[in-house]
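Architecture at a glance
Chain by chain, the residues run as shown.
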Amino acid sequence: MKDTHKTLQYTLTAIIPLIIILASFRMLAFNTQFYYDEMSSNKVYEKTDPSQAQQLTNQVINFLKKGEPITSNAFTNDELKHLEDVRALTTKTITLLYLLIALAITLTISLKIKKKEDEIATSAFQGGIITIAIILILVLLSTFAFGQTFTLFHKALFNNNLWLLPAESTLIKLLPEQFFIDF
């Protein structure tokens, strides 16, 4: 019986950092104001009409979030195909988040029923420590090896090279490298 409790505890500990990181991703991915602030700080508005940049950004966010079609002809076919890949990945990521939340609730209830509140608290504490460690690693990677990390991320998660967009592409102009570092 003790092994079952420990398995539940360790599983809960392992998924807490994933939930926190994926929830943060979900909040930022669809946060229009974050995009606008980034475009301002990255001087996108100096190179592109602000209202057009915001309109294109809204179309991208609505496509990623709801699957609404992008009606602007500002994007090339490769950009649109890459956005389809990003949407598929985003949808899978958010689905995973919701499944992990359901699992965490189930594990917490199971431990609570078994009167193992101390194991719930331990999982939360350890999960928080692991989350902080992961965030520190991500900060270090984005600070000192962003290009390599960004490339590895794309090679691991995309099965094509559509993410290799030219510097003059609309997506690169709207979402320069610094956007992803800040994200």
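Read on for an overview of the structure. Here the structure is a predicted model, which is why all the values come from computation and not from measurement.

**What about the overall build of the chain?**
Tallying secondary structure elements over the chain gives nine helices and zero strands in all. Going from N to C terminus, the chain has its helices and strands arranged as α-α-α-α-α-α-α-α-α. Surface exposure of the chain reaches about 11,100 Å², of which carbon and sulfur atoms provide 63%. Where the 16 positive side-chain charges of the chain centre and where its 16 negative ones centre are 10 Å apart.

**Here we look at the packing of helix α4 (residues 50–66) against helix α5 (residues 77–113)**
Where α4 contacts α5, the two axes come as close as 8 Å, and the packing angle between them is 45°. When the axis of α4 is compared with that of α5, the two are oblique. For α4 against α5, the interelement crossing comes out right-handed. From α4, V60, F63, L64, K65 and K66 reach across to α5, where they touch L83, E84, V86 and R87. Among the residues making up the contact of α4 with α5, the classes are represented as five nonpolar, no polar and four charged.

**Description of the packing of aromatic side chains**
Inspection of the entire model under this criterion finds ten aromatic pairs. Ring centres of F34 and Y35 lie 6.2 Å apart, and the angle between their planes is 85°; on these two criteria the pair is classed as edge-to-face. For F34, a relative accessible area of 14% translates into the label buried. For Y35, a relative accessible area of 6% gives the class buried. Arranged with centres 5.9 Å apart and planes meeting at 70°, the rings of F34 and F183 form a pair that is edge-to-face. Taken together, the positions of F34 in helix α2 (residues 32–41) and F183 in the segment after α9 (177–182) put the pair 149 residues apart, joining distant regions of the chain.

**So, the side chain of Q59**
Assignment of secondary structure puts Q59 in helix α4. Taking relative accessible area as the criterion, Q59 reaches 12% and is therefore assigned buried. Residue contacts for Q59: discarding those within four places in its chain leaves I70, T71 and S72.

**Regarding helix α6 (residues 117–144)**
The end-to-end C-alpha distance of α6, which contains 28 residues, comes to 41 Å, matching closely the 40 Å that a straight helix rising 1.5 Å per residue would cover. For α6, the set of buried residues is E119, I120, S123, G127, T131 and S142.

**What to know about the packing of α5 against α6**
Where α5 meets α6, the closest approach of the two axes is 7 Å, and the angle between their N-to-C directions is 145°. Here T108, L111 and K112 of α5 lie close against α6, whose contacting residues are E117, E119 and I120. Here the residues of the contact of α5 with α6 are counted per class, giving two nonpolar, one polar and three charged.

Cut-off values and rules
Residues numbered from 1 in each chain as written. Predicted model: local features only at pLDDT ≥ 70, side-chain atom pairs only at ≥ 80, totals over all residues. Heavy atoms only, no water. Helix = DSSP H or I, 4+ residues; strand = E, 2+ residues; numbered from the N terminus. Areas by Shrake-Rupley, 256 points an atom, 1.4 Å probe, with all protein chains shown as cover. Lys, Arg positive; Asp, Glu negative; His and termini not counted. Charge placed at Lys NZ, Arg CZ, Asp CG, Glu CD. Axes fitted to C-alpha atoms, helices over the stretch in contact; angles between N-to-C directions. Parallel < 35°, antiparallel > 145°, perpendicular 65-115°, else oblique. Left-handed = near helix turned anticlockwise from the far one by under 90°. Contact = heavy atoms within 4.5 Å. Nonpolar A, V, L, I, M, F, W, Y, C, P; charged D, E, K, R; others polar. Phe/Tyr/Trp six-rings, centres within 6.5 Å; stacked < 30°, edge-to-face > 60°. Buried < 20%, exposed > 50% of the residue type's maximum accessible area, 1.4 Å probe, protein only. Expected span 1.5 Å × (residues − 1).

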